[in-house]
Amino acid sequence: MLDAKAAPLVQVDGLKMYFPIYSGILRRHTGNVKAVDGVSFDIQAGETLGLVGESGCGKSTVGRALLRLYEPTAGAVIIDGENIASLAPEALRKKRPTMQMVFQDPQASLNPRMTLAAIISEPLVEHTSWNAERRLERVYELMDAVGLNRRFANRFPHEFSGGQRQRIGIARALALNPKFIVCDEPIAALDVSIQAQVVNLLEDLQEKLGLTYLFISHDLSMVRHIADRVAVMYLGRIAELSPRDALFERPLHPYAEALLSAVNEPDPSLARRPRIILKGDVPSPARPPKGCNFSTRCPKAFARCHAEKPELQEVEPGRQVACFLYDAKPGSTGTTEAPANLRQEHNQQGEYQ
Amino acid sequence: MKLKTALLGAACALTFAPAAFAERGTDGEVKFTFPQAVSIMNPFLSSGTKDVYAASLVLEPLAGFDADGNIIPKLVTEIPTIENGGISADLTTITWKLLPDLKWSDGSPVTADDAVFTAAYCMDPAGGCAQLSKFDGVAKVEAVDASTVKVTFSGPKPNPYTAFVGALSPLLQKAQFTPCLGAAAPTCTDPNNMPIGTGPFKVTGFTVNDTVTLAMNDQYRDPAKPAFASAVIKGGGDAEGSARAVMETGEFDYAWNTQIPPDSQASMTAAGKGEFVVAFGTLVERIEMNMTDPDPALPEGERSTAKHPHPVLSDIKVRTALSKAIDRQILSDVGYGAGGKPTCNVVPAPDAWASDNTGCIAQDMEGAKKLLDEAGWVPGADGIREKDGKKLHILYQSTVNPIRQDFQALVKDWWTELGVDVELKAIDPSVFFGGDAGSPDTFQKFYADVEMYANNSDGTDPETYLSQYQCVNAPSPDNQWQGENMNRYCDPAYDAKVKVLSGTVDVAERQKIAKELNDMVTKDSMTVIPLVHRGTLSAHSNTLGGVQINAWDSEMWNVADWFRVK
Amino acid sequence: MLTFTLRRLLLAIPTLLVISLVIFLLVDLAPGSPMSEIPLTVPPEVRKKMIEALGADQPVMVRYVLWLRQFFWVEPATLIDGWFGTNWAGGEQRILSWQSRAPVFTVIGQRIPQTLTVIGTAYLVGILIALPIGIYSAYRQYSLFDQLGTLFAMIGFSVPTFFSGTLIIIIFAVTLGWFPTKYDTNLSVTDWPSFVKQLQQMAMPVMTLGLANAAVISRYMRSSMLDNMGMDYVRTARAKGLTERVVVLKHVLRNSMIPVVTVIALGIPSIFGGAIITENLFGVNGIGAALIGAIHASDLPMVQTLAFIFAVLIVTFNLIADVLYGLLDPRIRYD
């Protein structure tokens, strides 16, 4: 992937998504919930970028803002050469077939009053001039592709199981041959037994159709399974963006480290990493800390962390980290052992299990 | 010279004005609006004034009353008197002579049989006739010949002008109502709603509790009348709305019963489209004193009965003091404006029957206080008067009604100033007047010290009205609480005088006795404290001519003479 | 669905019987007598006779059974007789109003048309105003329009009709002189001028009630729209690249209409019930005016019959609302 130096399919630059807060008797604008606060990353065509983080860190917002289901406050989202963030409404609508989304809750994301065929074919009505017959054919094609029985075409969403509904959601997303699909926690609402089926389906489809995914999840093992690269988000910002294997092998950012320590390792002999339990709560995105967003809970934080916000920068080839620990040695191979004193501090503050 | 010509011209114009309109059906439509809609057009089955007035456009009695309360012939040639032989010397019969060639609106002749039938109709025990008291003492009604009706009473009847007199006792057509005798009366929907009459109009359409449409009666006895070709009575809404429709928007010509607050009266009059007229009948808003003890501690059946005299109000000084403390002028102005005037009489009208008693009009707080001091009620530490360790406490009840609550508040203020502890109570009118012997809140039970409501005499002669205050009429468990003597006033002298009245024929003498009776219950004994003589406020458009407000008969008594002012 | 409807209908029978008894007892227990309106000049003996003539002195259970028989047998039979010229009723006593001595159903029959035209139009106008307001308010939540819509709804909710009605009369009838204050029941629409007259006399009551109705429904519409606006399937619809029009009108509105349609259906009995105050204020001789008149006069047969008819309508429209819900929402099945 890293050798593909052609222009990436998706380029996100400085994306901000603030939700205004109105309060007081006169409902004055008194602040912002900074759900996404300056996020930048690229996704190459055919790649799957995993986006992980705790609930409320803004990862779903990134997904929605990327497809401009929210109006981003600032930043650029270039998908397939066009800046989605600034596209005029009609042009945006025309652009929509290129980029689609698979939602977390398959039940809620399907209009309860429309049949499966109507749901899948609706974008076709909107974006093609096909006749009903041609559309139905396409619906059957898609149902086959996602493994749904054609007999179900005239049923309503509530008549399906969760896994089936998510297949409908995927079929719907695929209807217009998109290049880029945002999968927003597509398996979170499903039974564990179904999760693998859906993820495998997504992988198969990617292979067959050359899709590009942004795979948003809090399930690290699933991300490890599907993603090529992984971005770790904390409180509206990306903490670390690294190739999957490198990240899981050796997380660089203290938050990534803490997060990954929580992954269940199927092989007990490999469960070497002690689990790091972070203290305190995630600060409110309406009032993020002054310095690094993670500084309030970071076991390795030092003075500078409380004063400045670290920018995401490449510290190793293909690895980007937003942490001052790596600031001193730009371009070096870097190591977590580096400042021994800090390491100790880490030991004192973190708990080992 | 010029002025003289002008004046003469004006005089001529006035003289000829009525003549100019004297042609039947040339003035289009006259529109009435009543705050309560008309339910039925048969006064014998409804004593609601709205129904009686509406029916008076169609049904007529043999004789009626004019605006001054004088009896006038309607369907008869003259008013029977002893002088003209119409009333027998022993006062047991009255003979009416019908006008010749009188016709019902369907063209059939009016005969004495119709009168005989009407009497039978109302006097049928199963019919539930609301005007039965008009036929009180009537032994028989017979047709001497086709145009002569003879009413025989079971005994001497000094006032025989009851049956067939006034809007409450009109003539029904025998042919139409024959199937409606007795128990069938209420089920006769069509005749009840569209009776055939002799009046200036006939019913053309009737929607229950909404609208009555009428057309001029081609058979009306005066070929030049009525001036209006049709009439409509729209009912419903409220007094304010009815008044507005006449006084402000001009949609209607006449609104009956537009009793609205004095300030609204003024602002509506200012609109300049019409005027308010007041019919002062005999309706008097009064406070009645309970002469018996309503103490809840007394056993049921003895409470508020003659067995236990009222511990406080039995003292005339207290009653007088309570009366003196009231400023009746303020009450009248606040509550009724033009529609009321202060009075000290239970019989305030007609003038010939009303006592000249005005002693109570001026408020006399000091005098009142002095009286209470004399009676032994002296102010205690909290300002409330006491006697023998007992506080002067009065429970003052009335019905739920905004004006009555205003009155209660005002009177309470004055009595409090007097040193009386007043407790107010307001009861739903349908309960208060409902007469349910099982309810403790009826005005007959009178489980309070004083109560306020309005009552009136039926017609010009107050005999029946005044006889209510006889001992025997006191409500009690013995008569299922059905008497009319709410105060339980009991004075043998009064009862004796009532007997004298019922035996007196000479009108002047009757008036004298009536005044004495009036004074006995009011200024002499202070049993009844009259407050306000209430009129009925109605409104008519400036374009409607001929209206002569009448409190003694239907307000539309002379509707045949009404015309459009052009 | 059919089984469900039939079962509900069967269940409705005992329910309504119980309701009828309760109404009957309640009305009977209510203080007041049909004679309380009669002037005090009428002597007590005459009053007593009048009560006997009405049958009002019978024990309550006797009157109830008689009323049941009249309501469920005599009245329908009379109706059939009227249609087919048969003689089922056999001249039996119908339910008579104590106040007017006219058959209660004749009175109701006279009044239903006015109520349906005026109150029904007001309801329709209310709905037509409310839906766009509700939809747009929700679509632009917290916008100026939404704030104005909220203000409108608050006014409609909180200002009682006797006040708004009087205000409307003063503005449009007294000051501007556009509309008559009293509704003319006898006006029959035969040509253009009489139609205009009908519109004029309907204008003020319709305005008064329409405001109140619109306030309620617009709030339901708005909140239902808001519920659905945030749903994922709306996001899905947007992600599909549908136009806003299609997203709002097809996806959001159709789903939002489900509860609103139910609310509208449940409100229909209130049309038949008339609007007591408004009808009285403008002189519309509808059912509401009949009811209040009957209550004032303690006309028990009228009150009982009207109250029971309302009960029947409410039960019926509840059922209709449930069935509608099932038809509109594929997720609901009554099996």
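Residues numbered from 1 in each chain as written. Chains lettered and ligands numbered in written order. Predicted model: local features only at pLDDT ≥ 70, side-chain atom pairs only at ≥ 80, totals over all residues. Heavy atoms only, no water.

Participant: Any details on the UniProt feature "transmembrane region" (unreviewed entry) in chain C? Residues and values, ideally.
Facilitator: Residues and elements named next belong to chain C. As recorded in UniProt, the sites labelled "transmembrane region" (unreviewed entry) are residues 116-139, 151-179, 199-221, 257-277 and 306-328. Summarising residues 116-139: 100% helix, 0% strand, and an end-to-end C-alpha distance of 33 Å. Within the segment residues 306-328, helix and strand shares are 100% and 0% respectively, and the terminal C-alpha atoms sit 32 Å apart. (UniProt positions renumbered as here; feature names shortened; annotations may be inferred. Helix = DSSP H or I, 4+ residues; strand = E, 2+ residues; numbered from the N terminus.)

Participant: Describe the UniProt feature "domain: ABC transporter" (unreviewed entry) in chain A, naming the residues involved and giving the relevant values.
Facilitator: Those residues carrying the UniProt feature "domain: ABC transporter" (unreviewed entry) are residues 10-260 of chain A in this numbering. In residues 10-260 of chain A, helix accounts for 37% and strand for 28%; the two terminal C-alpha atoms are 26 Å from one another.

Participant: Give a detailed account of the interface of chain C and chain B, specifying residues and quantitative values.
Facilitator: Much of the literature gives interface size as the accessible area that the parts lose upon coming together. In this complex, chain C contributes 41 residues to the contact, which on the side of chain B involves 52 residues. Here chain C meets chain B over a buried area of about 3700 Å², counting both sides, of which 57% is carbon and sulfur. Counting the contacts that link chain C with chain B gives eleven residue pairs in polar contact (both at pLDDT 80 or more). Those elements giving two or more residues to the side of chain C that touches chain B turn out to be helix H2 (44-54), helix H4 (104-139), helix H6 (161-175) and helix H10 (276-282) of chain C. Of all the elements, H2 of chain C adds the most residues to the side of chain C that touches chain B, at six residues. In the side of chain C that touches chain B, the residues fall into 21 nonpolar, 15 polar and five charged. (Contact = heavy atoms within 4.5 Å. Buried area = accessible area lost by both parts, 1.4 Å probe. Polar contact = N/O pair within 3.5 Å; in protein donor to acceptor, adjacent residues only side chain to side chain. Nonpolar A, V, L, I, M, F, W, Y, C, P; charged D, E, K, R; others polar.)

Participant: So what about the state of the cysteines? Which residues, and what values?
Facilitator: All told, the structure shown has four disulfides over all chains when counted by the stated rule. Two residues, Cys122 of chain B and Cys129 of chain B, share a disulfide whose sulfurs are 2.0 Å apart. For the disulfide bridge between Cys122 of chain B and Cys129 of chain B, the dihedral angle about the S-S bond is near -80°, and by the sign convention the bridge is left-handed. A residue is classified by how much of its surface remains accessible, and Cys129 of chain B, at 4% relative accessible area, is buried. Linked covalently through their sulfurs, Cys471 of chain B and Cys490 of chain B form a disulfide whose S-S length is 2.1 Å. Negative torsions about the S-S bond denote left-handed disulfides, and the value of about 100° found for Cys471 of chain B with Cys490 of chain B makes this one right-handed. In this pair, Cys471 of chain B sits in the loop between helix H13 (463-467) and helix H14 (492-503) while Cys490 of chain B sits in the loop between H13 and H14, placing the two residues 19 residues apart along the sequence. Counting only cysteine sulfurs, Cys57 of chain A is the nearest neighbor of Cys183 of chain A, a cysteine outside any disulfide, at a range of 17 Å. (Disulfide = S-S within 2.5 Å. Buried < 20%, exposed > 50% of the residue type's maximum accessible area, 1.4 Å probe, protein only.)

Participant: Describe the packing of aromatic side chains, with residues and values.
Facilitator: All names here are of chain B. For the structure on display, the rule yields 41 aromatic pairs over all chains. Relative to Trp562, the ring of Phe32 has its centre 5.7 Å away and its plane inclined at 35°; by these criteria the two rings are tilted. Residue Phe32 is found in strand S1 (residues 29-34), and its partner Trp562 is found in the loop between strand S20 (544-545) and strand S21 (563-564); the two are separated by 530 residues along the sequence. Residue Phe32 is classed as buried on the basis of its relative accessible area of 0%. Trp562 gets classed as buried once you look at its relative accessible area, which sits at 0%. (Phe/Tyr/Trp six-rings, centres within 6.5 Å; stacked < 30°, edge-to-face > 60°.)

Participant: Residue-level account of helix H7 (residues 262-270) of chain B, with values.
Facilitator: Residues and elements named next belong to chain B. Those residues of H7 that sit buried are Ser264, Gln265 and Met268. The arc enclosing the buried residues of H7, seen along the axis, measures out at 105°, which places them on a common side. Turned more than 90 degrees away from the buried face of H7 sit Asp263 and Ala270, all of them exposed. In this fold, the buried residues of H7 make contact with helix H6 (239-247), strand S11 (274-289) and strand S19 (528-541). (Arc of directions from axis to C-beta.)

Participant: Just give me the short version of the sheet that holds strand S6 (residues 148-153) of chain B, but keep the residues and values in it.
Facilitator: Strand-to-strand pairing in sheets goes through backbone hydrogen bonds, with the strands running parallel or antiparallel. Residue and element names in this part refer to chain B. An order of S4-S6-S5 is seen for the three strands of this open sheet, with the pairing classed as antiparallel. Taken across any chain shown, the strands that pair with only one partner, and hence form the sheet edges, are strand S4 (93-97) and strand S5 (138-145). Between one strand axis and the next, the sheet turns by 20° as a mean value, whatever way the strands run. Across five bridges, the pairing between S4 and S6 is antiparallel. Bridged to Thr93 within S6 is Thr152. Most of the contacts of helix H3 (residues 112-123) go to S5, to which it runs at about 160°, and overall it touches S5 and S6. (Pairing = 2+ DSSP bridges. Axes fitted to C-alpha atoms, helices over the stretch in contact; angles between N-to-C directions.)

Participant: Could you give me a rundown of the interface of chain A and chain C, with the residues and numbers involved?
Facilitator: Across the contact, 25 residues belong to chain A and 19 residues belong to chain C. Between chain A and chain C, roughly 2200 Å² of surface is buried when both sides are summed, and carbon and sulfur atoms account for 58% of that area. On the chain A side of the interface with chain C, the three residues burying the most area are Pro112, Arg113 and Glu122 of chain A, jointly 29% of the side's total. Put simply, chain A and chain C have three salt bridges between them. For Glu122 of chain A, the salt bridge goes to Lys240 of chain C, with nearest N and O atoms at 3.0 Å. Here chain A and chain C share 15 residue pairs in polar contact (both at pLDDT 80 or more) between them. Elements that contribute at least two residues to the side of chain A that touches chain C include exactly strand S6 (99-102) and helix H3 (116-127) of chain A. Per element, the largest residue contribution to the side of chain A that touches chain C is five residues, and it comes from H3 of chain A. Residue composition of the side of chain A that touches chain C, by class: twelve nonpolar, five polar and eight charged. (Salt bridge = Lys/Arg side-chain N within 4 Å of Asp/Glu carboxyl O.)

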